[in-house]
Amino acid sequence: MSHLFSETFKTLRKRLNLTQEQVAEVLGVSCQAVSKWETGFSCPDISLLPGIADLFGVSVDHLLGHDTCKLKEEIQAVCRETTELFDKDCHSEAVPLLREALIRHPGNEELMYALAWALSGTLRESPENYEEAILLYHKILEISTDTAMRTKVTRDLMYRYVTKENYPKAWELGEALPPFDCCQEYNTVRGNLYAGEAMAVRLRANIRLFGEAMAECLEYFVGERILTQEEKAPYTAEIAKKDLALLRKLIKHTELK
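Criteria and thresholds
Residues numbered from 1 in each chain as written. Predicted model: local features only at pLDDT ≥ 70, side-chain atom pairs only at ≥ 80, totals over all residues. Heavy atoms only, no water. Helix = DSSP H or I, 4+ residues; strand = E, 2+ residues; numbered from the N terminus. Salt bridge = Lys/Arg side-chain N within 4 Å of Asp/Glu carboxyl O. Buried < 20%, exposed > 50% of the residue type's maximum accessible area, 1.4 Å probe, protein only. Expected span 1.5 Å × (residues − 1). Contact = heavy atoms within 4.5 Å. Polar contact = N/O pair within 3.5 Å; in protein donor to acceptor, adjacent residues only side chain to side chain.

Engineer: Please clarify how unusual backbone geometry should be interpreted in this entry.
Structural biologist: Residues other than glycine predominantly adopt negative phi, and peptide bonds predominantly adopt the trans conformation. The omega angle of the peptide bond from alanine 233 to proline 234 is 5°, so this bond is cis rather than trans. Position of proline 234 among the secondary structure elements: in the loop between helix 14 (229-232) and helix 15 (237-254). Phi angles above zero are rare outside glycine, and asparagine 17 is one such case at about 55°. Within the element layout of this structure, asparagine 17 appears in the loop between helix 1 (2-15) and helix 2 (20-27). Its identity as a non-glycine residue notwithstanding, asparagine 192 has a phi of 55°, on the positive side. Within the fold, asparagine 192 resides in the loop between helix 12 (184-190) and helix 13 (196-222).

This is the structure:
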């Protein structure tokens, strides 16, 4: 932070025709401290940043030399690149890219989430990474105030604890997830927030989304490894196969143009 801050600080002070002594008096620090900030020998305590930003009439991000739009673009570019690697099942290749990005953007939730996902995908070759992924997920829950991010992390953590066979913790996380009747896709349609063609598009998308979820449920009844015939009763694998075929046909219809 030193170089970016010192240059920005000096430029803003001179722009307002303020001396180092005047700035020091307003901020309640010594002239020597202000001098060290401008030469890059030290940085102000983080608690002083809002006051300095107010004095110069800028945001804290600007004070630190951050270009918010540029930062977002860079983070999005890294996320796009790693998503392509995830699609190719190249999670291990994404790990160093995300670690490097987090050095440049420490504490960024999107990058932390992507790194946790990448580490989770390296379970076979590097089992120790799984523990780091779990720690990252918990760190995001500690710092994030974004509801969507917290929900994604809670969901992922549930699955990670299932893999570790820590079922009490998995249940705790699973029960913290929102129920179906609170999901966005269901309620925005049910509330008639869409209209016309947009409504039709959303409805078709919902049929595919919820249809695939129903298909997963039916596959449990079709298979023989998880549920016994007695546990399936009165439903049977034969009936489930027929229902699954009909459901697949229904989903297919929504894909027609």
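Engineer: Just checking my understanding: could you explain the pattern of salt bridges for this structure?
Structural biologist: Pairs can form between side chains of opposite charge once their charged atoms are near each other. According to the stated counting rule, one finds 9 salt bridges in the structure shown. Between glutamate 255 and lysine 252 there is a salt bridge, with the nearest N and O atoms lying 3.8 Å from each other. With a relative accessible area of 52%, lysine 252 lands in the exposed category. Residues participating in the shared-partner salt-bridge network are Glu212, Glu219 and Arg248.

Engineer: Which parts of the structure should I look at to understand helix 10 (residues 147-163)?
Structural biologist: Along an α-helix, residues three or four apart share an orientation, since each turn contains 3.6 residues. Between its first and last C-alpha, helix 10 extends 25 Å over 17 residues, near the 24 Å set by a 1.5 Å rise per residue. Among the structural elements, helix 8 (109-120), helix 9 (128-143) and helix 11 (167-174) are those in contact with the buried residues of helix 10. You can read the cap of helix 10 off the contacts: a side-chain oxygen lies 3.3 Å from the backbone nitrogen of alanine 148, and it is on aspartate 146. Immediately downstream of helix 10, the backbone of glutamate 165 shows phi near 60°, a positive value.

Engineer: Before we go on, may I ask you to explain the environment of arginine 160 in this structure?
Structural biologist: Inspection of the secondary structure assignment puts arginine 160 in helix 10. Taking the C-alpha atoms as reference points, arginine 160 and alanine 133, 27 residues apart in sequence, are found 8.9 Å from one another. In this view, arginine 160 contacts Trp117, Ser120, Tyr130, Ile134 and Tyr137; residues no more than four positions away in its chain are not counted.

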